[in-house]
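Spelled out from the first residue to the last, the chains are:
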Amino acid sequence: MTDAQIQDIHARLDSLTIEVNSLKAQIGVVGTTQYAVVQILDRLERFENTQARHSNQLDNLQGNVAEILCILRDRNGGSGV
């Protein structure tokens, strides 16, 4: 092999090394981004579950208050006082 051929091979290897390192960096960013998205979706799901539980509790409380008010109205002769 001539010196020019060897230099060409080294230049190509250097170029490939740069491309591989770039791909590694991009893969790292994609992996980190995917992990962050999974965490966000998990937290969102937990928030929605908590919100649904609180909504159910609020519905139960409103039903209980309505029932108590109805009982009080009946006891007061339906006067609404």
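Residues numbered from 1 in each chain as written. Predicted model: local features only at pLDDT ≥ 70, side-chain atom pairs only at ≥ 80, totals over all residues. Heavy atoms only, no water.

Draft legend 1. Structural detail: the overall build of the protein. In terms of helices and strands, the protein carries 1 helix and 0 strands. Over its C-alpha trace the protein gives a radius of gyration of 34 Å, far above what one expects of a compact globule, namely 12 Å for 81 residues. C-alpha extents for the protein along the principal axes are approximately 110 × 15 × 10 Å. Counting over 81 residues, the protein shows a buried share of 0%. (Helix = DSSP H or I, 4+ residues; strand = E, 2+ residues; numbered from the N terminus. Rg over C-alpha atoms; globule rule 2.2 N^0.38 Å. Buried < 20%, exposed > 50% of the residue type's maximum accessible area, 1.4 Å probe, protein only.)

Draft legend 2. Fine view of a nonpolar patch on the surface. A surface patch of nonpolar side chains, about 480 Å² in accessible area, is lined by Met1, Ile6, Ile9, Leu13 and Leu16. Assignment of secondary structure puts leucine 16 in helix H1 (residues 3–75). (Patch = residues over 30% accessible without salt bridge, like charges linked within 9 Å, V, L, I, M, F, W, Y side chains within 5 Å. Areas by Shrake-Rupley, 256 points an atom, 1.4 Å probe, with all protein chains shown as cover. Salt bridge = Lys/Arg side-chain N within 4 Å of Asp/Glu carboxyl O.)

Draft legend 3. Representation of the environment of isoleucine 27 within the structure. Mapped onto the fold, isoleucine 27 is located in helix H1. Overall, the relative accessible area of 59% leaves isoleucine 27 in the exposed class. Placed 16 residues apart in sequence, isoleucine 27 and alanine 11 show a C-alpha to C-alpha distance of 24 Å.

Draft legend 4. Fine view of the pattern of salt bridges. According to the stated counting rule, one finds 2 salt bridges in the structure shown. A salt bridge links arginine 46 to aspartate 42; the shortest N-O distance between them is 3.0 Å. On the criterion of helical spacing, the pair formed by arginine 46 and aspartate 42 is a turn pair, its members being 4 residues apart in helix H1. Exposure remark for arginine 46: the relative accessible area of 47% places this residue in the partly exposed category.

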